[in-house]
Structure formats: C-alpha cells, structure tokens
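# Architecture and fold: a report
Now for the letters of each chain:
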Amino acid sequence: MNAIVRVDHLAKRFGKTPVLADVSFELPAHGVTVLLGANGEGKSTLLRLLLGLLKADAGSLEVLGLDPLKQPRALREQVAYVPDAPDNPAWMTPAELFHFLRPQYPLWRHERALALAKDWDVPLERPFKHLSRGQAARAMLAAALAQSPKLLLLDECFSGLDPVARRDLLGAFLGELAREEVATLLVTHDLDVAARVAERVLVLADGKILHQGSLDEVLKVDEEAARVQSRLLGLLERAQQKEVAA
Amino acid sequence: MSTFRLYLWKEWREQRAALVALAILLPVLVALVGFQLPRGLATSTTFVGVVAALSVVLVLIVIGGELLGGDRRREVSWLERLPRGLSAAFPAKLLVFVATTAMALAAGLTLGFTVAELRGGFLGMSFQAERDLEHLLLTVGYALAVAPWAFATSAWCPRGPLALAAGALVACGLGLPLLVLPFTAYVPTAVELALGVTLFLAGALVSAWIGFTAQAHGASLRSIALRGGGSGCLAFAPLWGWGLVQLHERDALELGAPECEIEHAWVSRDGRVAVIEARMHFDHWASSPRSRTLWIDLERGDARELPIPNPSFHAAGSARKPGGLSEYTEFIIEGLDDTLVLDACTGQHLEPPSTGGYTEVSSAGLGVSYWGEDYEAVYHDPFLDLELGRAEAGIALGEAVWIGPEGWWIEGDGWRTFDPRSGTSEPAEWLVPLALPFDMLADGRLIGLLGDGSLGLADPRTRAVTPVLGARSAADVEILASDLQSRDERILADERAHYRLDATCGELSEIPLVPGDWPLRRLDDGDLVLLTSEGFVRLDAEEGTRTPLARFDAIRHAEVTP
C-alpha cells in the first residue's frame, strides 16, 4: 500500500491515564478512512498526534513522510484539519478567516474557498459566533479544502447537526471530495456517517486499533465480528444517546 | 500581506473594542477624580504621576495581561496548528503590548497634565524642586517596570489582574538587586545600569516567549508556569550574581587594598597585639561600608573580627567605669551600645558596667581627672594621693590643669600654681612664654609650643622656659605615642619629619620614617611599631632597621565571632 500515514505502536497517556496503548495502522494516499470509536477512546488525541500538536509517549508516526514534531510547518501546510467545533476566534467572519489563512498555505485557492462558501450558503460577512453549527462546519470545511491538502483530518465535524443538515452537508462534501486528490481520515462515532463515506474503517477501542478493513469486513458476521459488532454498536449507541441528551 | 501584519491585524481586531472603551472611559474617570480632588493635589506632579501609572495599570489589566493568556483560554489550538505555529503570533502580540503600554502612558500623562491645567494651571506647576520630577518619574517608572513582567506572566496566569500581581511579584522579587542596590547607596555606572535594565527587559521577553510557546503540545498550566517562570529566573541569574558580588565586595575587608582605609590603630605595649578599625571606600557606593574592628595577633599573623560596631577605645590604664578606676592595664574596646566590652590586649570579654559605659580618663599632667558621682570634675594627685573636686581647687570651667611633682599648674587667662595641701594659689609669670602646652614629662617638665611656634620645655625647678634645640617652627607638631608608662621619650612629628625627644635632656633626633609610615607605639626596648601600606613593621629607631611583624597579605582574616 502506498501509505500517506504510518503509525507504529503509538502510545499516549495524560498523567496516569493511558489513552492510546498500542496503535498501529497505515493510511492509503487516497480515499476516505473512517476512524470509529466511542467517546474518550482517544480518536481526537490520535489526530492531534498526527498533526504534531501532541508528543507521543512511545511508538513512531510518519505523515507524508514527515515527522510531525520535527517538521511541523511542512506538514501542516499539506494537512488540513477540521475540528468538531470551530476553534478560530469567534469574532472572525468566514471571509476574514479565509483572508487570514490565505498567506499561510502555499497552495491556498482563494477562489475555491469563496466558491464553496457560496455553494454551501455560508454567510461570508457574519462572525462565527453568529453562525449556526452547520454554517460554521461548512465554512471550516471550505477553508480546509481551499488549502489543497494531501491529507484531510476531520474530527467529528458532522456531529451535532440535525439529520437533514448532516445529510445535505455530507452529500455536498462528498461531491467536492470526489474532485480532490486527497486522503481523508474522518473521526466519528456515527455509524450512519461511516456507512455513507467509508472506503475503509479503523476501529479504535481500549487504546488499540481492534479492526481495520472495509466496513463490511469489519461488520462481517462471524463469531469474532459479532462480538465486535455488538460492542461497537453498543458503544456507538451510548455515544449517540449522550449526544442527543446534550 | 506578510504574516506579521496578518497577526497584527488579528490582535488589533481582538483588542479594538477594549481600546475604544478605554479611550472613552479613561478621560471620564480622570476628569471625575481630578475635579473632585483639592486643587493643590490636582495640580501636583503626584496627581499626574498617579494618573499615568494607573493608566498603564488599567491597560495592563485589560489588554497587556490578556494578550498571551487570552489565547490559551480561547484559540490556542487553532493558532498552534497553523503552519507557523504559535511562534508566529508572538511578535505581533509583543508589538501590541509595547504600543498599548506606551499609548497608556502618553494618554495618562496628557490627561493628568490637562486636568492639572484646567484646575489651576499646569504652567503654574512648580518643577523647581527636582524631586517633584523625580517623584513623577519614579511613580511612572514602577508601573513601567511591572509592565513587561505582567505581559510575561500572563502566559500562565488565569486572568489579567492576576498577571499584573504576578508580574509585580516577579519584577520585585527577581529584580530585587536592580531595585534595592540603588537604594542602599550603591551608585551604578551607566554600563551597569544599561546592562541591568537590558537583563530585566530581556528576562521578561524570554519568559514571555517561552511561556507563550510552552502552551504547545497540550502542556499543562503548571508546566507552562514552570517553563516561563524558570526561564525568567535564569535570565535574572546574572543580575543576582552581580548584586551578590557587589554586596560581598561591600562587606569584605581587604587590608592593604587601595580602597581600604585604616581609621584607628592601637598596639599593645608588648607589641604582640594590634587592634585596628578599618573600612573600605568605594567610588560606586555613595556611603562607605560599615567600619570593621579586627583583633590581630602580630606574632602569629592571624586576625579575627570583633563584633563591635563603631567601637570606642579607652587608652591604657586610664579607663574608668562608674564606681572606680579600671583595673585593666591595657586598652578597652567598647561597643556604642555598651553591650560588649573587650580587653583588647587579651581579647577577653569584660563585664560591662551596670550603668553607663567606660569613660576615658583625661590626663591632668601626671595625674588624672575624671567625672565624679555628681558629674563634677575630680582631680587625682598621684604624688600626694589626694583627690580634689574642681570647685574645691578653685578651678574655673575651661581651665587646663597640669599635676606634677612640684605642684599643680593651672592655665586659664594666665598661668598660676596651686598647692593642693594648703589650697592656695599664686601667679606664675615665668610660664607665660609657653603658649600651647602639650604634655608633661616624667620629671615634671612641661612640653609645648612657644609663642614663635617653636617647641619648648618649661622646668619648674629653674622656673624657666627654654627652647628645644633642633626643633623647627612646629605649628603642626603633634605628639604621637605618648602614654602614662613611658614619659621619658616622646615621638614628635612636624611637617618635615618624625623625631624622638629624649625627655631627660630635651634633645631631638630624627627618626628614619618614610611617607606612609604611621608610628603606633614605642615599645619598652625603644623600638617603634609602625603601620605601613604593607602591614605592621617593627623599627629600630636608632639603627633604622625594619622587621616585618605582620603583613596584610599574610594576615588570615577570618570572620570569627568571639
């Protein structure tokens, strides 16, 4: 496999709490890979490790052939990240965000950002603090795609949307994604989202990648898989219940 | 647009609202307070200084203290994951901090002066007293000194006001040498001052930079504080080192060094013990360090410091404590607070008197005088073993008394003699040529200056005053090395040389001293103990040979408490 990400026996703990125990996987240079796992399993931590925002306690990782900690700038110019909720200054408008990001990414396509914003009905001059969650997520996705990234990391950015908005955004996003040559790692605990976009699935539980392969392979009914599926569905259901309750 | 300008734009957008609010609020507040204050206060430099300082403080709380810490609480992860990371944001934050602080200072001064002018006249404000201006500068200076450290500590303080408090603590704590030394009479050179201020500012800058960039990689607040604060401590290390060196230098006593001045020195009669009072003088200390008292064993060459600040010395055998004459045959060193009394010859502690201190008994010829219980001068005649009070002897205040084997000589408006047994006195016209008596010799002759400035001897047996052969016009003649035990020889000095006077025949002979020699004691064998620039020296006054007793560079000076 022509891997764009190589993770080998990665471990990370916060204080005395182990989050990732022994994570190993590779990511192909194209296509959408979904990282499935319940809340608190370390999915976001894994993404932050890939971006060089955290230091691993053990193991090694390589993204685009680069060490995220030693070559952060080169890496971040080629990797786009969309968090579960916008973390840029709330006073910024999407237009200001694009304006701010433009000189920082060598391959930035400003026209594309504006076009995506227009297509996805993002109010360009309204501050993020006054945007709906869906509008903010679309603005962030537009900014991410405008960077012309080789790797797109999406951290639960479709969660928290109402079903209709989620369906529309997913559709629009997948349409745009088809036009890009980009590898995507989507973190979610939403099996429905995973089913719609995943070409490949990684299941993260107990600090390890328990299973990887196509969604069908992972969910294949055999004795082992049934146990996995049952556990996975249980975890996902619990997470969704929490989300609904929230 | 460059990255720097981009981040500058971001900071401007974030602080814009606060700046506008301050621009409206500050004049209103200053005007409200300024017009309520008494006119005298509102037109003073104190008012202007306080307004300027408070403007700086206010801007620090609202903006300066939030520049670094605000991101940590909001969008640090966003800034961090941008290609240039957190470090790209720092220069713009620093510039905004400097600009807003400078603007606050300018606005505060302008507002203060304006209100002062409106209340009665800035132009009428008196800057005649330089301290007014110093007061203004000091008030503003303290606020400005805290500012960079408030900026630095804001990287790890939860809120702006806390950053201000932490910055003040760090600036005062770590910058203590810079703040304290000038107030302890240290006068820094321009280079030292520039270096100190540079370190102070550079420390804040480094601490701010490290504290801000330490927020990366999900660092905890404690870790950020340790790295930011720790780097600040390191930046201050040279400043502390410099301060400690200065204080150590001030406290050190280096005998023989050009900066060391020996103010008083005494040598015991046997030449075995010396006690000196010395202090260092430095150009960069406005006031001299405290004087130190050293007890030096001239035979072994070692020394110890006596813990007697500002000592007073009482000469050999003439010290008197309340209730009677001292039993000690050598001299006594006494602290001003009367708590510590030493026999300087043996180094032994003496019991301090219960009331009052030791007083040196002034010589009255070959007798002594001291203050009696009723604080009336009492004269002791050793030849008759008789004591008389001043009034009893008919001695007026200001009159000098010389007690010898031939009776008492009293110098007032003129000379007269007094018989203590009969209580009668008569004029002594033959003593008139002796214009300025110095000392009484062992045989009762009186030595002093004659009217023409030459040295003379008054002999009671011949009732004549005769000049001392060989003595020059000696307006500056002083008698060194006289003591009650050895009155047959005197060491004299005039502006040209030192002499020894054979008191038995009145002849002078020159002593081979060189400039810088300080004769301290004539020993029983006739040798002199000198203090020279290199240490204590024994001089054979006849042969002129010198024998080192204790060299300064060999004296092992130990800080020993007795």
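Above this text sits the structure in question.
Figured I'd write up the structure that's included with this text. (Residues numbered from 1 in each chain as written. Chains lettered and ligands numbered in written order. Predicted model: local features only at pLDDT ≥ 70, side-chain atom pairs only at ≥ 80, totals over all residues. Heavy atoms only, no water.)

Counting its secondary structure elements, chain A contains 9 helices and 9 strands. For chain A, the residues scored as buried account for 56% of the 246 residues in total. (Helix = DSSP H or I, 4+ residues; strand = E, 2+ residues; numbered from the N terminus. Buried < 20%, exposed > 50% of the residue type's maximum accessible area, 1.4 Å probe, protein only.)

Attention now moves to the sheet that holds strand 20 (residues 434-440) of chain B. Residue and element names in this part refer to chain B. The strand order across the open sheet built from 4 strands is 20-21-22-23, with neighbouring strands paired in antiparallel fashion. Looking at the sheet topology across the chains shown, the edges are occupied by strand 20 and strand 23 (464-467). With strand direction ignored, the average angle separating the axes of adjacent strands in the sheet is 35 degrees. Where strand 22 (residues 455-459) meets strand 23, 4 bridges bridge the pair, whose relative direction is antiparallel. Bridged to alanine 458 within strand 23 is valine 465. (Pairing = 2+ DSSP bridges. Axes fitted to C-alpha atoms, helices over the stretch in contact; angles between N-to-C directions.)

Turning our eyes to something else, we now look at the environment of leucine 50 of chain A. Residue and element names in this part refer to chain A. Topologically, leucine 50 is positioned in helix 1 (residues 43-50). On the basis of relative accessibility, which here comes to 1%, the residue leucine 50 falls in the buried class. Sequence spacing of leucine 50 and aspartate 67 is 17 residues, and the spatial spacing of their C-alpha atoms is 9.0 Å. Once residues within four sequence positions are removed from consideration, leucine 50 is found in contact with Val5, Val7, Leu61, Val63, Pro68, Leu75, Leu153 and Leu185. (Contact = heavy atoms within 4.5 Å.)

What follows concerns helix 5 (residues 133-146) of chain A. Every α-helical turn comprises 3.6 residues, leaving residues that sit three or four positions apart pointing alike. All names here are of chain A. Between its first and last C-alpha, helix 5 extends 20 Å over 14 residues, near the 20 Å set by a 1.5 Å rise per residue. A large share of helix 5 lies buried, amounting to 13 of its 14 residues. Once helix 5 ends, the next one or two residues include serine 148, with phi positive near 55 degrees. (Expected span 1.5 Å × (residues − 1).)

Let us now look at the nonpolar core. Phe100, Leu101, Leu141, Leu152, Leu154, Phe158 and Phe173 of chain A are the most contacted members of the largest nonpolar core, which totals 104 residues. Among the elements that line this core, the one with the most residues is helix 5 of chain A, at 10 residues. Apart from the residues within four sequence positions on either side, phenylalanine 100 of chain A is in contact with Met92 of chain A together with Leu6, Tyr7, Trp9, Lys10, Trp78 and Leu82 of chain B. (Core = buried A, V, L, I, M, F, W, Y, C linked by side-chain atoms within 4.5 Å.)

Two modes of strand pairing occur in sheets, parallel and antiparallel, and in both the strands are linked by backbone hydrogen bonds. Residues and elements named next belong to chain B. In spatial order, the strands read 16-17-18-19; together these 4 strands make up an open sheet with antiparallel pairing. Every interior strand has two partners, whereas the edge strands, strand 16 (400-404) and strand 19 (424-427), have only one. Shown here is a sheet whose adjacent strand axes are inclined to one another by a mean of 25 degrees, direction ignored. As judged from the 4 bridges shared by strand 18 (residues 415-419) and strand 19, these two strands associate in the antiparallel manner.

To continue, consider the packing of aromatic side chains. Residues and elements named next belong to chain B. The tally for this structure, following the rule as stated, stands at 16 aromatic pairs over all chains. Considering the side-chain rings of tryptophan 149 and phenylalanine 200, the 6.4 Å spacing of their centres and the 70 degrees angle between planes classify their relative orientation as edge-to-face. With tryptophan 149 in helix 7 (residues 130-153) and phenylalanine 200 in helix 10 (residues 190-213), the pair connects residues that are 51 residues apart, well separated along the chain. With a centroid separation of 6.3 Å and 75 degrees between ring planes, the pair formed by phenylalanine 536 and phenylalanine 552 is classed as edge-to-face. One end of the pair, phenylalanine 536, is in strand 30 (residues 535-539); the other, phenylalanine 552, is in the loop between strand 31 (546-551) and strand 32 (556-558), and 16 residues separate them in sequence. Here phenylalanine 536 and phenylalanine 552 have matching classes, each one buried. Looking at arginine 304, its charged tip hangs above the ring of tryptophan 295, at a distance of 5.1 Å from the centre. (Phe/Tyr/Trp six-rings, centres within 6.5 Å; stacked < 30°, edge-to-face > 60°. Lys NZ or Arg CZ within 6 Å of the ring centre and 35° of its normal.)

On to the side chain of aspartate 517 of chain B. Residue and element names in this part refer to chain B. The residue aspartate 517 is located in the loop between strand 27 (507-511) and strand 28 (518-522) in this model. The buried category is assigned to aspartate 517, whose relative accessible area is 10%. Reaching out from aspartate 517, the side chain makes a polar contact with the backbone nitrogen of valine 514 at a distance of 2.9 Å. A polar side-chain atom of aspartate 517 sits 2.4 Å from a polar atom in the side chain of arginine 546. Not counting residues within four places of it along the chain, the set of residues in contact with aspartate 517 comprises Leu530, Leu531, Thr532 and Arg546. (Polar contact = N/O pair within 3.5 Å; in protein donor to acceptor, adjacent residues only side chain to side chain.)

This brings us to the pattern of salt bridges. It is possible for side chains of opposite charge to pair when their charged atoms get near one another. Residue and element names in this part refer to chain B. Enumeration over the complete set of coordinates arrives at 29 salt bridges over all chains. In this structure, the salt-bridge partner of aspartate 443 is arginine 445, at a minimum N-O distance of 2.8 Å. Classification of arginine 445 by relative accessible area gives buried; the value is 9%. Between aspartate 459 and arginine 461 there is a salt bridge, with the nearest N and O atoms lying 3.8 Å from each other. For arginine 461, a relative accessible area of 46% translates into the label partly exposed. (Salt bridge = Lys/Arg side-chain N within 4 Å of Asp/Glu carboxyl O.)

All names here are of chain A. The pairing of strand 1 (residues 3-14) with strand 2 (residues 17-28) spans 8 bridges and is classified as antiparallel. Among the inter-strand pairings, lysine 12 is bridged to a residue of strand 2, identified as leucine 20. Counting the residues in the hairpin turn of strand 1 and strand 2 gives 2 residues, including glycine 15, whose phi is positive at 65 degrees.

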